[in-house]
Amino acid sequence: MSQDSDKPTSGEDKLDDPSETRNRAESLDPSEESLRKRVRQRTPSPHGGGSVPSSPPRFVSVEELMETAKGVTNMALAHEIVVNGGFQVKPSHLTEGSLEKRVREIVHKAFWDCLEAQLSEDPPTYDHAIRLLGEIKETLLSFLLPGHSRLRNQINEVLDLELIRQEAENGALDINKVAEFVISMMGTLCAPARDEEIKKLRDITAIVPLFKAIFSVMDLMKIDMANFAVSSIRPHLMQQSVEYERKKFQEFIEKQPNSLDFTQKWLQDAANALVNVEAEASPPCAGAAGLRAPALSPLTVHNQAYLRLLKWDHTRSPFPETMLMDETRFQEMQMDLEQLTGIAAVMLITYNIAGAAISGLPGFAEKLKSSVKVLLTGMHDPSFNASEAFATVGEKICVEVNSCLAQHGFTPFSADRETVLKGQIEAVKNPDNSIRKLIDSRIQTFLMGYLESSHQKSSPVVPGGLVPIQKEMEEIAVKFSRLVNYNKMVFSPYYDKILREIFSEGDHPPATRQLTGQ
């Protein structure tokens, strides 16, 4: 099942009409001073550690907790299917050497040994074989769709267990012929990806190994059928899961006091950051020349809050409650973006120093990118040595560039030029490196543009310096946008309430109803 690479364009994902967003932003101008005051009032004291105040806990019964846990589990599964376009059911694999694996192996061996012994008797006994044929029959019938009447009749006719039992008692059962029918029916019902496995079944002549292989392939077919069902229900699940998740979350917060504290702090911190940016961008006095940041709006604050999740310190700051099911996804995107930032910075430095000699050479940029990506793999592992890794990247880049220059008739780098290139690449290890910060800023701009244009069919223009990682950036942007849009739809009532409080001005709070496209 391939992951959808298109941007969401459905009406459910639409955030806002641009003119409506602009009108709301303009209507908020008078309240911006009020927002600044509220930001200052709500900013945690540095002496208090920025912690969220808590209320006394409310005791709940074990039954309530179990029911809540069950609801959250179901909600998590529905959420996974909806937001993960590549979601698939996977075969289960028991841990090697585990007790469960050993017990299963012993039980299976005993069963197959018993079947072998029965079929080796003279005359053969078919009790176990008939039981297996009953399981095979039920599995084949489970693969059928309502319109498969002819196939259903064939299976019921050929795998008539009572008739097979009578044939066995009278010594007239041709077990190989029955197996051939089973294999033929499996070939009719299986996905094309299983054709090779079906072909191998036809080469097995011994009955016991054949039955083993049939059940093994049928297990794979069950996985295929489950994944087909997932892809089929996803559009219908999307329609229902918004209300379902919202209902389950409401049940959860009713049992858990202060269950939106971190969500409120998350949105408030985003507002704080935007107010500070605006203050820095505003002219020092009226009429003075200078740039002014865009007017604050609920939509701007909300989108900025999501971008902050891609910079989150998961070891020190609790994740917003409404985003907990997606915390791992945001962590993965965060690590991918940090690696891409390093790759793009190295590529930008290399092409700036090498100049036109290597520009436009087909395949060379991709070759450099692949080399850098391999060397920066595992950069989030505790054992990763950034200085050593980027020094190695510098050495590798110099070798590749010099080889390319020589191949195309250009003069290789001088020792001084190599030293400059290696030094600038190694400096990328520092998070405060100017090139790294430039690339990071452009990545943030691109992702914000993707959110703001999520209701349009056209993608935002890729900023300069990101072209070498354009494909990877667009894949991340699609995942990011899908998560954000779905999360907004589910939790819009909670977000709207919090953002109204942030933007409230006396008895005339700005309208935020259309913030989340509801």
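The coordinates are above.
Residues numbered from 1 in each chain as written. Predicted model: local features only at pLDDT ≥ 70, side-chain atom pairs only at ≥ 80, totals over all residues. Heavy atoms only, no water.

**Topic: the packing of helix 13 (residues 327-354) against helix 18 (residues 470-503)**
Step number 1: At a minimum axis distance of 11 Å, the contact between helix 13 and helix 18 shows a crossing angle of 155°. As summarised for this structure, helix 13 and helix 18 are arranged roughly antiparallel, according to the angle between their axes. Handedness of the helix 13/helix 18 crossing: left-handed. Between helix 13 and helix 18, the residues in contact are Arg329, Phe330, Met333, Asp336, Leu337 and Leu340 and Glu472, Met473, Ile476, Lys479, Phe480 and Leu483, respectively. (Axes fitted to C-alpha atoms, helices over the stretch in contact; angles between N-to-C directions. Helix = DSSP H or I, 4+ residues; strand = E, 2+ residues; numbered from the N terminus. Parallel < 35°, antiparallel > 145°, perpendicular 65-115°, else oblique. Left-handed = near helix turned anticlockwise from the far one by under 90°. Contact = heavy atoms within 4.5 Å.)

**As for the side chain of His128**
Step number 1: In this structure, His128 sits in helix 5 (residues 127-142).
Step number 2: Setting aside anything within four residues of it in sequence, one finds His128 in contact with Phe111, Cys114, Leu115 and Gln118.

**Let's talk about the packing of aromatic side chains**
Step number 1: The full count for this structure, using the stated rule, is twelve aromatic pairs.
Step number 2: Between the aromatic rings of Phe249 and Phe252, the centroid separation amounts to 6.1 Å while the plane-to-plane angle is 45°, which identifies the pairing as tilted. Remark: Phe252 and Phe249 occur in helix 10 (residues 207-255); sequence separation between them is three residues, near one turn of the helix.
Step number 3: Taken together, the ring pairs in this structure connect Phe249, Phe252, Trp266, Tyr306, Phe491, Tyr494 and Tyr495 into an aromatic cluster. (Phe/Tyr/Trp six-rings, centres within 6.5 Å; stacked < 30°, edge-to-face > 60°.)

**A look at the environment of Gln250**
Step number 1: Relative to the assigned elements, Gln250 resides in helix 10.
Step number 2: Overall, Gln250 belongs to the partly exposed group, its relative accessible area being 29%.
Step number 3: Spatially, the C-alpha atoms of Gln250 and Phe491 are 9.8 Å apart, while their sequence positions differ by 241 residues.
Step number 4: Looking at Gln250, its side chain comes within polar contact range of the side chain of Tyr494, at 2.6 Å. (Buried < 20%, exposed > 50% of the residue type's maximum accessible area, 1.4 Å probe, protein only. Polar contact = N/O pair within 3.5 Å; in protein donor to acceptor, adjacent residues only side chain to side chain.)

**Remarks on the nonpolar core**
Step number 1: Counting 81 residues, the largest nonpolar core has Trp266, Phe330, Ile397, Leu447 and Phe480 as the members making the most contacts within it.
Step number 2: Excluding residues within four positions of it along the chain, Leu447 makes contact with Leu307, Leu310, Leu337, Met473, Ala477 and Phe480.
Step number 3: Listed in part, the 40 residues of the second largest apolar core include Leu119, Cys190, Phe215 and Met221. (Core = buried A, V, L, I, M, F, W, Y, C linked by side-chain atoms within 4.5 Å.)

**Some thoughts on the packing of helix 12 (residues 298-308) against helix 17 (residues 434-452)**
Geometry of a packed helix pair, given as the angle between the helix axes and the separation of the axes.
Step number 1: With their axes 10 Å apart at the nearest point, helix 12 and helix 17 run at an angle of 135° to one another. With respect to each other, helix 12 and helix 17 are oriented oblique. Once helix 12 is placed against helix 17, the crossing between them reads as right-handed. Contacts from Asn303, Gln304 and Leu307 in helix 12 reach Gln444, Leu447, Met448, Leu451 and Glu452 in helix 17.
Step number 2: Looking at the contact of helix 12 with helix 17 residue by residue, the classes come out as four nonpolar, three polar and one charged. (Nonpolar A, V, L, I, M, F, W, Y, C, P; charged D, E, K, R; others polar.)

**Digging into the pattern of salt bridges**
Step number 1: Counted according to the given criterion, the structure contains 16 salt bridges.
Step number 2: In this structure, Glu472 and Lys369 form a salt bridge, with 2.8 Å as the shortest nitrogen-oxygen distance. Placement of Glu472 in helix 18 and of Lys369 in helix 14 (residues 364-375) is noted, with a sequence separation of 103 residues between them.
Step number 3: Given the relative accessible area of 16%, Glu472 is considered buried.
Step number 4: Within the structure, one salt-bridge network assembled from shared partners comprises Arg194, Glu197 and Asp224. (Salt bridge = Lys/Arg side-chain N within 4 Å of Asp/Glu carboxyl O.)

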